[in-house]
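Chains, contacts and geometry: an overview
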Amino acid sequence: MCGIMGYIGGRDALPILLDGLRRLEYRGYDSAGVAVYTGERLEIRKAAGKLRRLVEMVSAAPVQGTVGIGHTRWATHGNPTDYNAHPHSDCRGHIVVIHNGIIENFLELKEELHRRGHRFQSETDTEVLAHLIEEAYEGDLERAVRHAISRARGAYAIVVLSSHEPDKLIACRQISPLIVGLGDGETWLASDIPALLPYTRKVMVIEDGEMATITRDGVRITTLNGEVVEKTPIHVTWDAEMAERGGYPHFMLKEIHEQPRALQETLMGRLDHAGQISLDGVSLPDIFVERLEKVWLVACGTAYHAGLVGKWLLEHLSRIPAEADLASELRYRDPLVFGTNLTVAISQSGETADTLAAVREMKARGSRILAITNVVGSTLTREADDVLYIRAGPEIAVASTKAYLTMLVALTMLAIELGRRRKAIPDERLNALLYGLRELPGKAQDVLRREPEVLELAKRYAHCQDIFFIGRGLDYAVAMEGSLKLKEISYVHSEALAAGELKHGTLALVTDGVPVFALCTQRHVREKMLSNIQEVKARGAMVVAVAYEDDREVASLVDHVIPIPPVDDLLSPILAIIPLQLFAYYVARERGHDIDQPRNLAKSVTVE
Ligand code: M6R
């Protein structure tokens, strides 16, 4: 939920910390702060509000030094105020701490520390760590941090800097992500890879229960008991430009436009002309595939909506029973896992706390785990037996777009491959689907050409209070994703409905002028959709349809139609969502919102 950045080297730390925080701001943006060791003492600057407030503050009162830490916050304990912003320090200002996560037993620790005379400056859970380290410090910072951590329960990624030992940063991780960037005479720390890309592509992932001691010469990783852990650095293939806005006003718009390219990347090298799909990183043995009794698709938010599409595809193409579950529900509902099961965990970041917890639960119940994710080295990849990367490139905007599309492609390939191996798909159908997949990047580009029409629609409906999305089958899953996109960045109330459910209640809300987006790409239920469109039209709704460009009948019934090129119905979600993403974007822009950083939300939800 928060972004962490650290630097030690020969350069001025402040600009590096601020640049890193800018790249991590999507993780949290209600306050930010830095601490730099000046050669004599630790200097802290922190401010509530967006990062630019901190930037203004440090321009008025700069801090100079070659080692420092920075933090961008998404509040969990204590309001977003100047004093609750990180870094937090001990009583004497010799130790500073930044933290991502939640220290669950902080109240009891705080009372204890209070009784022993510690004075607190904030309402945060984090500050107890600085005081615990202060108390335990006897000339060995590593040891003091180990002691403090042994007292804390919960999720954390923390970084500690002390004026007692200013030639190092100490970092620990339990659940919340932390990456070390390795350079020549300089070392970085960050919550996520994009923050490191301008400096290095040689990284090392700190894992749960590990401590990293970072110096100018590199990193030494140990367990919390002090045993040395040997690791090989990973080479990241993303480059710095991929994590920049590249002339677009917002990352979201850039990422929407990157989708044809991202689809190409996801497919690259994976489809061969003999009808085989090679899913690198996935090695499900034949006997396992043969015996597979159930697939569970587990995820949160947009990734869950991809899971809903995945369930449909898997059942249809491989004839294996599949269930899509919200990770935050599955983990508490005592799921029945018998026989040979596969859990497909879908997560762009690979760090979503509920998804990881659900994965652990399913693993404990005997399920094999296949991860579909974007981030190399993320926690999910280490928990999984098989990993299928979506190769979307860095996704920075909080509203997920290209990750969703590429998740759909990954799930389609998985469903086809399982279907092929179980002999559930006739050859002709298989070849048609593979052909359809290859055509998708070009067709996605065609849909993007409709942007000016979508902009006009957004201008027309931007001031509405409620907007409904309806669809049947796969279109219902797309309706849910379209509705979520709109809510999260435009703050317009919206609901998605299975079109057949309308008359069971929600139709009461459809009155004169209420916009209803009707997704009409599923040919087997098209007639039914036409009836649902008539139903809402009869109540005065303004209907916008997303339909195949050759469907003249739909076009004649509705107020506006956004045409998409004809594709196999199983592939249509990949195209049909694009105009809805653009609509959400332009409504939010018309309403003057901060599109890349919507209120109350963060890109990765690493707390439960
Ligand atoms: O990183 P993940 O895919 O696990 O994230 C899951 C959700 O938090 C995420 O999809 C969220 O719903 C997006 N902000 C939606 O645009």
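Keep in mind it's a predicted model, so treat the numbers as computed, not measured.

Examining the overall build of the protein chain
Helix and strand counts for the protein chain stand at 19 helices and 24 strands. Computed over the C-alpha atoms, the radius of gyration of the protein chain is 25 Å, within 12% of the 25 Å expected from 2.2 N^0.38 for a compact globule of 608 residues. Each principal axis of the C-alpha atoms in the protein chain carries an extent, and together these give about 75 × 55 × 40 Å. Scored against the burial criterion, the 608 residues of the protein chain give a buried share of 62%. Within the protein chain, counting contacts between residues at least 6 apart in sequence, those at least 24 apart form 72% of the total. Taken as a whole, the protein chain presents about 22500 Å² of accessible surface, with 48% of it coming from carbon and sulfur. If the 69 positive side-chain charges of the protein chain are averaged to one point and the 83 negative ones to another, these points end up 1 Å apart.

Focus on the site of the ligand
Taken together, 13 residues form the shell around the ligand, and within it Ser 347, Gln 348, Ser 349, Thr 352 and Glu 488 come nearest. Between Ser 347 and the ligand, the recorded distance is 2.6 Å, taken from a side-chain N or O atom to an oxygen atom. A distance of 2.9 Å is found between an oxygen atom of the ligand and a side-chain nitrogen or oxygen belonging to Lys 485. When isolated, the ligand has an accessible area of 410 Å², and the protein chains bury 90% of it.

Here we look at the pairing of strand S24 (residues 560-564)
Two faces make up the sheet, and in a regular strand the side chains alternate between them. With four of five residues buried, S24 is to be regarded as a mostly interior element. In this structure, strand S23 (residues 542-548) lies alongside S24, joined through five bridges in parallel fashion. For Ala 547, the partnering residue across the bridge sits in S24 and is Pro 563. Handedness of the β-α-β unit built from S23, helix H18 (residues 552-557) and S24 comes out right-handed.

Details of the side chain of Asn 532
Examined against the element boundaries, Asn 532 turns out to sit in helix H17 (residues 526-537). By relative accessible area, Asn 532 is classed as buried at 2%. A polar contact of 2.9 Å, which involves the side chain of Asn 532, links it to the side chain of Arg 472. Setting aside anything within four residues of it in sequence, one finds Asn 532 in contact with Ile 470, Arg 472, Ala 499, Gly 500 and Lys 503.

Some remarks on the pairing of strand S12 (residues 210-215)
Within S12, five of the six residues are buried, which leaves the element mostly enclosed by the surrounding structure. The pairing of strand S8 (residues 169-174) with S12 spans five bridges and is antiparallel. Bridge pairing in S12 links Ile 170 to Thr 213. In this sheet, strand S13 (residues 218-223) lies alongside S12 in antiparallel orientation, the contact comprising six bridges. Bridge pairing links Ile 214 to Val 219 in S13. Hairpin connection between S12 and S13: a loop of two residues separates the two successive antiparallel strands.

Examining the environment of Gly 505
With respect to the helices, strands and loops of the structure, Gly 505 is situated in the loop between strand S21 (493-498) and strand S22 (515-520). A relative accessible area of 44% places Gly 505 in the partly exposed class. As for Gly 505 and Ala 306, which are separated by 199 residues in sequence, their C-alpha atoms are 26 Å apart.

Topic: the sheet that holds S8
By way of backbone hydrogen bonds, the strands of a sheet pair with one another, either parallel or antiparallel. Taken in spatial order, the six strands of this open sheet run S5-S6-S7-S8-S12-S13, and their pairing is antiparallel. The open sheet has two edge strands, strand S5 (88-89) and S13, and neither has a second partner. Docked against the sheet, helix H4 (residues 127-136) engages S5, strand S6 (95-103) and strand S7 (154-162), running at close to 130 degrees with respect to S6.

With respect to the nonpolar core
Counting residues in hydrophobic clusters, the biggest one holds 132 residues, and the most contacted among them are Val 344, Ile 372, Leu 437 and Phe 583. When neighbours within four sequence positions are excluded, Phe 583 is seen to be in contact with Val 454, Leu 457, Ala 458, Tyr 461, Ile 467, Leu 486 and Phe 517. Counting residues in each nonpolar core, the second largest holds 25 residues, with Leu 109, Ala 144, Val 145 and Ala 152 among its members.

Let's talk about the pattern of salt bridges
Considering all chains together, one arrives at 49 salt bridges under this definition. Here Asp 286 ties to Arg 421 by a salt bridge, and the two come within 2.7 Å at their closest N and O atoms. Taken together, the residues span a long stretch of sequence, with Asp 286 in helix H8 (residues 286-291) and Arg 421 in helix H13 (residues 402-421) at a distance of 135 residues. Several salt bridges share partner residues, and in doing so they unite Glu 40, Arg 41, Glu 43 and Arg 45 into one network.

Regarding unusual backbone geometry
Most peptide bonds take the trans configuration, and most residues that are not glycine carry a negative phi. With an omega of 0 degrees, the peptide bond between His 86 and Pro 87 qualifies as cis. Within the secondary structure, Pro 87 is located in the loop between strand S4 (67-73) and S5. Although it is not a glycine, Asn 600 sits at a positive phi angle of roughly 65 degrees. In this structure, Asn 600 sits in the segment after helix H19 (572-590). On the basis of relative accessible area, Asn 600 is assigned to the exposed category, the value being 60%.

Side note on the environment of Lys 487
Inspection of the secondary structure assignment puts Lys 487 in helix H16 (residues 474-490). In this structure, the C-alpha to C-alpha distance between Lys 487 and Val 454, residues 33 residues apart in sequence, is 17 Å. What Lys 487 contacts, discounting residues up to four positions off in sequence, is Val 492 and Ser 494.

Points about the domain arrangement of the protein chain
Split into domains, the protein chain comes out as domain 1 (3-244), domain 2 (254-447) and domain 3 (449-590). Counting from both sides, the interface comprises 32 residues of domain 2 and, opposite them, 30 residues of domain 3. Summed over both sides, the interface between domain 2 and domain 3 buries roughly 2700 Å², with carbon and sulfur atoms accounting for 71% of that surface. The largest per-residue losses of area from domain 2 upon contact with domain 3 belong to His 305, Trp 312 and Val 447, which jointly make up 24% of the total buried on that side. In this assembly, domain 2 and domain 3 are joined by two salt bridges. One salt bridge connects Arg 429 with Asp 568, and the closest N-O pair in it is separated by 2.4 Å. Looking at the side of domain 2 that touches domain 3, the elements that each hand over two or more residues are helix H6 (251-257), helix H7 (259-267), helix H9 (301-318), H13 and helix H14 (427-448). Looking at the side of domain 2 that touches domain 3, the element that brings in the most residues is H14, giving 10 residues. By residue class, the composition of the side of domain 2 that touches domain 3 is 18 nonpolar, 11 polar and three charged.

With respect to the packing of helix H3 (residues 106-115) against H4
Describing two packed helices takes the angle between their axes plus the distance from one axis to the other. Where H3 contacts H4, the axes come no closer than 10 Å and their chain directions differ by 45 degrees. Classified by the angle between their axes, H3 and H4 sit oblique to one another. Judged by the sense of rotation from one axis to the other, the crossing of H3 with H4 is left-handed. Residues Phe 106, Leu 109, Lys 110 and Leu 113 of H3 form the contact with H4, whose own contacting residues are Val 128, His 131, Leu 132 and Glu 135. When its residues are assigned to classes, the contact of H3 with H4 shows five nonpolar, one polar and two charged.

Thresholds applied
- Residues numbered from 1 in each chain as written.
- Predicted model: local features only at pLDDT ≥ 70, side-chain atom pairs only at ≥ 80, totals over all residues.
- Heavy atoms only, no water.
- Helix = DSSP H or I, 4+ residues; strand = E, 2+ residues; numbered from the N terminus.
- Rg over C-alpha atoms; globule rule 2.2 N^0.38 Å.
- Buried < 20%, exposed > 50% of the residue type's maximum accessible area, 1.4 Å probe, protein only.
- Contact = heavy atoms within 4.5 Å.
- Areas by Shrake-Rupley, 256 points an atom, 1.4 Å probe, with all protein chains shown as cover.
- Lys, Arg positive; Asp, Glu negative; His and termini not counted.
- Charge placed at Lys NZ, Arg CZ, Asp CG, Glu CD.
- Near = heavy atom within 4 Å.
- Polar contact = N/O pair within 3.5 Å; in protein donor to acceptor, adjacent residues only side chain to side chain.
- Pairing = 2+ DSSP bridges.
- Right-handed = clockwise from strand over helix to strand, strands pointing away.
- Axes fitted to C-alpha atoms, helices over the stretch in contact; angles between N-to-C directions.
- Core = buried A, V, L, I, M, F, W, Y, C linked by side-chain atoms within 4.5 Å.
- Salt bridge = Lys/Arg side-chain N within 4 Å of Asp/Glu carboxyl O.
- Domains from an automatic or database assignment.
- Buried area = accessible area lost by both parts, 1.4 Å probe.
- Nonpolar A, V, L, I, M, F, W, Y, C, P; charged D, E, K, R; others polar.
- Parallel < 35°, antiparallel > 145°, perpendicular 65-115°, else oblique.
- Left-handed = near helix turned anticlockwise from the far one by under 90°.

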